[in-house]
Amino acid sequence: MKKQIAILGSTGSIGTQALQVIEEHPDLYEAYVLTANNRVDSLIAQARKFMPEAVVIANESKYPELKEALADLPIKVYAGEDALCQIVQENPVDMVLAAMVGYAGLRPTMNAIRARKPIALANKETLVVAGELINELARVNGTPILPVDSEHSAIFQCLAGEGNNGIEKILLTASGGPFRTFTHEQLATVTKEQALHHPKWEMGAKITIDSASMMNKGFEVMEARWLFGVRPEQIEVVVHPQAVIHSMVQFEDGAIKAQLGMPDMRLPIQYAFSFPERVRSSFPRLDFDTCSALTFERPDTTRFRNLALAYEALHRGGNMPCIVNAANEVCVYAFLTDRVSFLGMSDVIEKTMMRVPFLAKPTYEDYVQTDAEARRVAEEILTKNN
Ligand code: NAD
Ligand code: MG
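Values in this document were obtained by computation on a predicted structure and should not be read as measured data.

A closer look at helix H6 (residues 125–141)
For step 1, the next point in the chain: End to end, H6 covers just 21 Å across 17 residues, shorter than the expected 24 Å (1.5 Å per residue, more than 12% under).
For step 2, the next point in the chain: Gly-131 marks the point of greatest bend in H6, at about 100°.
For step 3, the next point in the chain: Along H6, the residues that are buried comprise Glu-125, Thr-126, Leu-127, Val-128, Val-129, Ala-130, Gly-131, Ile-134, Leu-137, Ala-138 and Asn-141.
For step 4, the next point in the chain: Two residues or fewer past H6, Gly-142 is found with a positive phi of approximately 65°.

Have a look at this one:
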């Protein structure tokens, strides 16, 4: 029986690489449903190639175009956010790859967890916004959450076979992004073109900007906390520019295990699909002749203030990470449309954190309200600054 995979966000960077994994193993995996937000052309092309049971386009205005283009095929066509939330619950679905970007991934992922569909989680914002709630939902339903983020997959791989052996520390590696060596003065004038050019990974625009500002690493600290049940003090960020070590775990006896490899997301995607097994792949191998030096540095939370803000949100807990996530989403899209400077993003996020009411024990409805309020406040601050 082939594993039937529902891909949320199939037209994105993770989504298209997931389809490459499926193509590599037609005997093991099948795309049951493909979904996109806006990119109807690539969704049509993917549907024609992979022949899923259904496709969903989140943007309802694109429905007629999609429907017409697939009229000659026996593929069900749906549109809208509710359809996205329902399709993941269908009986034949064996696994849901959450590869949408941002807060929008939260609700469909929660629905898939409720339907007890194992989650391959790329959409880290889901755990940033509502990690405690998601963990509880997964526990109650007995739904496994398998990491796709390369660092978390590395940690997960290091933990395989360790049973209840105690984790002393998680060493979360960071490439440092394109501005690792930039001074504060240089950071003040960087452009979106520079920020969109990541030295090691080719990814969607939002996570690429988050990587440049190191907000991504702050989010990954939160993600690690919820995925592996460790305290924030047990997670240490290590800047490792070569991006060969994808992360490490230090156990109670002092031993450190690491996972190494090429910077290629297809491996963590495939591992989430195949766990607990490993399956053969044709992806490029790491060549030690070309990586003679592995170096390590401390992260600089003064130059990269977003990382400090993420740590603060992590320590305060409650709805604070949700506030930071929403303000950050507003800022990233503002930066991409030249409405805020690179360093200006941290100012807006910090002000939003001060202005949105803090809730220590938020419910799902509180998160929805917090997200909306934080977006409104961040927009207001942006508009006033301009
Ligand atoms: P991307 O922008 O390339 O793709 C996003 C996908 O989500 C697209 O298919 C888009 O159509 C869909 N989408 C966006 N907004 C939507 C909405 N409102 N409703 C429905 N669908 C929507 O992003 P990406 O780089 O593939 O990243 C996806 C997620 O994976 C992010 O959460 C990111 O942090 C995480 N991630 C990505 C990488 C990577 O290498 N790209 C690595 C680790 C984690
Ligand atoms: Mg990562």
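Now that the structure has been shown, the text picks up again.
Considering the sheet that holds strand S11 (residues 256–260)
For step 1, the next point in the chain: One open sheet holds the four strands; their spatial order is S9-S8-S10-S11, and the pairing between them is mixed. A single partner strand is all that each edge strand has here, and the edge strands are strand S9 (235–239) and S11. Looking at each pair of strands side by side, their axes are set apart by 20° on average, direction ignored.
For step 2, the next point in the chain: Across the sheet, helix H7 (residues 150–159) touches strand S8 (167–174), strand S10 (245–251) and S11, and the angle it forms with S10 is around 40°.

Observations concerning the site of ligand 1
For step 1, the next point in the chain: Taken together, 24 residues lie near ligand 1, and Thr-11, Ser-13, Asn-37, Glu-125 and Gly-204 sit nearest.
For step 2, the next point in the chain: A distance of 2.7 Å is found between an oxygen atom of ligand 1 and a side-chain nitrogen or oxygen belonging to Thr-11.
For step 3, the next point in the chain: Protein contacts shield 90% of the accessible area of ligand 1, which totals 830 Å² for the unbound molecule.

Some details on the packing of helix H1 (residues 13–24) against helix H12 (residues 266–274)
The axes of two packed helices give the description: the angle between them and the distance between them.
For step 1, the next point in the chain: Running from N to C, H1 and H12 cross one another at 65°; their axes reach a closest spacing of 9 Å. The element H1 and its partner H12 pack so that their crossing is right-handed. Along its contact with H1, which presents Ile-14, Gln-17, Ala-18, Gln-20, Val-21 and Ile-22, the element H12 presents Arg-266, Ile-269, Gln-270 and Phe-273.
For step 2, the next point in the chain: When its residues are assigned to classes, the contact of H1 with H12 shows six nonpolar, three polar and one charged.

Some remarks on the coordination of the magnesium ion (ligand 2)
For a metal with four tetrahedral donors the ideal donor-metal-donor angle is 109.5 degrees, while six octahedral donors give ideal angles of 90 or 180 degrees.
For step 1, the next point in the chain: Coordination of the magnesium ion (ligand 2) by the protein involves Asp-149 (OD), Glu-151 (OE) and Glu-220 (OE), with metal-donor separations of 2.1 to 2.2 Å.
For step 2, the next point in the chain: Mapping the donors of the magnesium ion (ligand 2) onto the primary sequence gives the spacing D-x1-E-x68-E. Taken together, the residues Glu-151 in helix H7 and Glu-220 in helix H11 (residues 215–228) connect sequence positions 69 residues apart. As far as burial versus exposure is concerned, Glu-151 and Glu-220 are alike and both buried.

Looking at the nonpolar core
For step 1, the next point in the chain: Core analysis: the biggest nonpolar cluster contains 128 residues, and Val-55, Leu-66, Leu-97, Phe-179, Phe-273 and Phe-342 have the highest contact counts within it.
For step 2, the next point in the chain: For this core, the element with the most residues is helix H14 (residues 320–336), which contributes twelve residues.
For step 3, the next point in the chain: With sequence-adjacent residues up to four places away left out, Leu-97 is seen in contact with Ile-5, Ala-6, Ile-7, Leu-8, Ile-14, Ala-18, Ala-120, Val-148 and Phe-273.

Thresholds, definitions, all that
- All residue numbers refer to positions counted from 1 along the written sequence of the respective chain.
- Naming scheme: in the order in which they are written, chains are lettered from A and ligands are numbered from 1.
- Owing to the predicted nature of the model, reporting of local features is limited to residues with pLDDT of at least 70; listing and counting of side-chain atom pairs is limited to 80 or more, with chain, interface and lining totals taken over all residues.
- Each side-chain value is derived from all of the structure's non-hydrogen atoms; neither hydrogens nor water enter the calculation.
- Note on conventions: DSSP H or I runs of at least 4 residues are helices, E runs of at least 2 residues are strands, and numbering of each starts at the N terminus.
- To estimate how far a helix should reach, multiply one less than its number of residues by 1.5 Å.
- Fitting axes to the seven residues ending at a residue and to the seven starting there, one defines the bend at that residue as the angle between these axes.
- Burial classification: accessible surface area is computed with a 1.4 Å probe over protein chains only, and a residue below 20% of its type maximum counts as buried, one above 50% as exposed, and the rest as partly exposed.
- Here the rule is simple: two strands pair whenever DSSP picks up at least two bridges between them.
- A fitted line through C-alpha atoms represents every axis, and for helices the fit uses only the stretch in contact; the resulting angles, taken between N-to-C directions, go from 0 to 180 degrees.
- Two residues form a contact once any of their heavy atoms are found within 4.5 Å.
- One heavy atom suffices: a residue is near a molecule or strand as soon as one of its heavy atoms comes within 4 Å of it.
- By the criterion applied in these results, polar contacts are pairs of N or O atoms within 3.5 Å in which, for protein atoms, one can donate a hydrogen and the other can accept it, and in which residues neighboring in sequence qualify only through two side-chain atoms.
- Accessible areas in this description were obtained via Shrake-Rupley with a 1.4 Å probe; residue shielding takes into account the shown protein chains only.
- With the far helix as reference, a near helix turned anticlockwise by less than a right angle produces a left-handed crossing, and one turned clockwise produces a right-handed crossing.
- Side-chain classes are defined by residue name, with Ala, Val, Leu, Ile, Met, Phe, Trp, Tyr, Cys and Pro counting as nonpolar, Asp, Glu, Lys and Arg as charged, and the others, Gly among them, as polar.
- Only N, O and S atoms count as donors, using a 2.8 Å limit from the metal and a wider 3.2 Å limit for Na, K and Ca, and since water is excluded some coordination spheres may look unfilled.
- To qualify as a nonpolar core, a set must consist of buried Ala, Val, Leu, Ile, Met, Phe, Trp, Tyr and Cys residues joined through side-chain atoms within 4.5 Å.

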